[in-house]
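Analysis of the macromolecular model
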Amino acid sequence: MKSNNLELRRPQGKRSIIKTALLKMIAEQGLEFGEQIPGQIELALYFKTTVVTIHRALVELESEKFIHRINGSGTFVGPKPVSGRTRNLCLVLPGEHLDDPADNPDFWPYVRQLMHAFLSVAGTEWRFASVGATSGMGMPVSMEGLGRDDVVFFHHIKEPREILAQLVREGKVYTIAFGLPDPEIRCLTIDHDPFTGMRKAVGYLAGLGYRRIAFAGSDEVWGKAWVDGYRQGLKDFGLRCDEKRMVLSGSTTQSAGMQGAEVLVQRGLPCDVILTDSDMRALGVLEYLRQEGVKVPEDVGVMGYDGLDNATQQPPFLTTLRVPFDQMIRAALAEAEASRTVRSPDKHLKFVGEVIPGQTVRKING
């Protein structure tokens, strides 16, 4: 089997253009069945896009039988030779372009983190694929062949609700959803525990000597757990909850973080550290403070919540609490392996992540 014979020529565009470019290159260079093409990382670097975008493009090309992938070996020209059944690990995402930074600037880092966790867990034991779906579109064609050896994860139990409900009702494939349990859709659900996570984050900051801990989070119903965890964390360490240190707004975007930081600055910055409910909101806080000449962490510290690689492994090297996606996925798969039936149990698993120390907080004098 030949290896990496495809000579790359960079196109400009997104997933569909990349698919077309790859097919054109394969045809022009006369690559035959079984010849290997470059891996996802090399393609992502060459096309100047994300590994997630390349992965989605290759999944679509494989479903159209232009290529085939062999776990642990690589990607090859032509349909996969007939052999034993491969177990499929499928992630259903609520939308077609969540992995595209241009179309989805606020949410794509989170999706990329989730996708990388699935790719890591899948290893050589599973064939992983992600599927974009929305309410009202019906069952995606690529999911119609899934069976009792496969496992399907839904990014959230609320969307696309109809497809999740159909799979649970039919009971032909083991189905798992991120999010809180829903009495109308009885399946295995997994979720991080924001209440305990925020208490843990407050405790970490208190241990560094911070006493005036502000909070920037969401005022929507789902955000209540973060707010309650923040309040309880302050109580745990005998710290006063000052309403002037709380700024609540709907979204977890970077722009919302800038707006929250602006409010705190207008209030005289009545805090020595700002804790947020997401890394994207924290990045917005950092940006606004930088514009205002407020030094981090010398003047005020900033801590996020998510543990996104793009915020922790490169500037600003954010201090945050990481959502343990890998652990959550592995635990859910262990439940699936232990089950004697395809129908997943009406059970909820909760997880708490670990603090990722960074450069946006520091130890201060008590």
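A brief look at the structure comes next.

Attention now goes to the overall build of the chain. Along the chain, the regular secondary structure elements total 11 helices and 15 strands. Relative to the 2.2 N^0.38 estimate, which gives 21 Å for 366 residues, the radius of gyration of the chain is 23 Å and therefore close to what a compact globule would have. In terms of overall dimensions, the chain has C-alpha extents of about 65 × 50 × 35 Å along its principal axes. Counting only residues that meet the buried cut, the chain has 52% of its 366 residues in that class. By sequence separation, contacts in the chain at least 24 residues apart represent 71% of the contacts at least 6 residues apart. Total accessible area on the chain stands at roughly 16900 Å², and carbon and sulfur atoms take up 50% of it. The averaged location of the 45 negative side-chain charges in the chain is 3 Å from the averaged location of its 44 positive side-chain charges.

The next thing to look at is the nonpolar core. The biggest cluster of nonpolar side chains holds 53 residues, and the ones touching the most others in it are F153, I213 and L275. Per-element tally for this core: the top contributor is helix α4 (residues 108–122), with seven residues. Leave out the neighbours within four places in its chain, and F153 touches L89, C90, L91, V92, F118, I176, F178, I190, I329, A332 and L333.

Looking now at the pattern of salt bridges. Applying the stated criterion to the full structure yields 18 salt bridges. Between E64 and K19 there is a salt bridge, and its shortest N-O distance comes to 3.1 Å. Taken together, the residues span a long stretch of sequence, with E64 in the loop between α3 (51–63) and β2 (67–70) and K19 in helix α1 (residues 15–28) at a distance of 45 residues. Between E337 and R87 there is a salt bridge; the shortest N-O distance is 2.9 Å. Pair noted here: E337 is in helix α11 (residues 325–338) and R87 is in the loop between β3 (74–77) and β4 (88–93), with a separation of 250 residues, a long-range link. Owing to a relative accessible area of 48%, E337 belongs among the partly exposed residues under this scheme. Through salt bridges with shared partners, a single network forms among K19, E60 and E64.

Quick notes on the rules
Residues numbered from 1 in each chain as written. Predicted model: local features only at pLDDT ≥ 70, side-chain atom pairs only at ≥ 80, totals over all residues. Heavy atoms only, no water. Helix = DSSP H or I, 4+ residues; strand = E, 2+ residues; numbered from the N terminus. Rg over C-alpha atoms; globule rule 2.2 N^0.38 Å. Buried < 20%, exposed > 50% of the residue type's maximum accessible area, 1.4 Å probe, protein only. Contact = heavy atoms within 4.5 Å. Areas by Shrake-Rupley, 256 points an atom, 1.4 Å probe, with all protein chains shown as cover. Lys, Arg positive; Asp, Glu negative; His and termini not counted. Charge placed at Lys NZ, Arg CZ, Asp CG, Glu CD. Core = buried A, V, L, I, M, F, W, Y, C linked by side-chain atoms within 4.5 Å. Salt bridge = Lys/Arg side-chain N within 4 Å of Asp/Glu carboxyl O.

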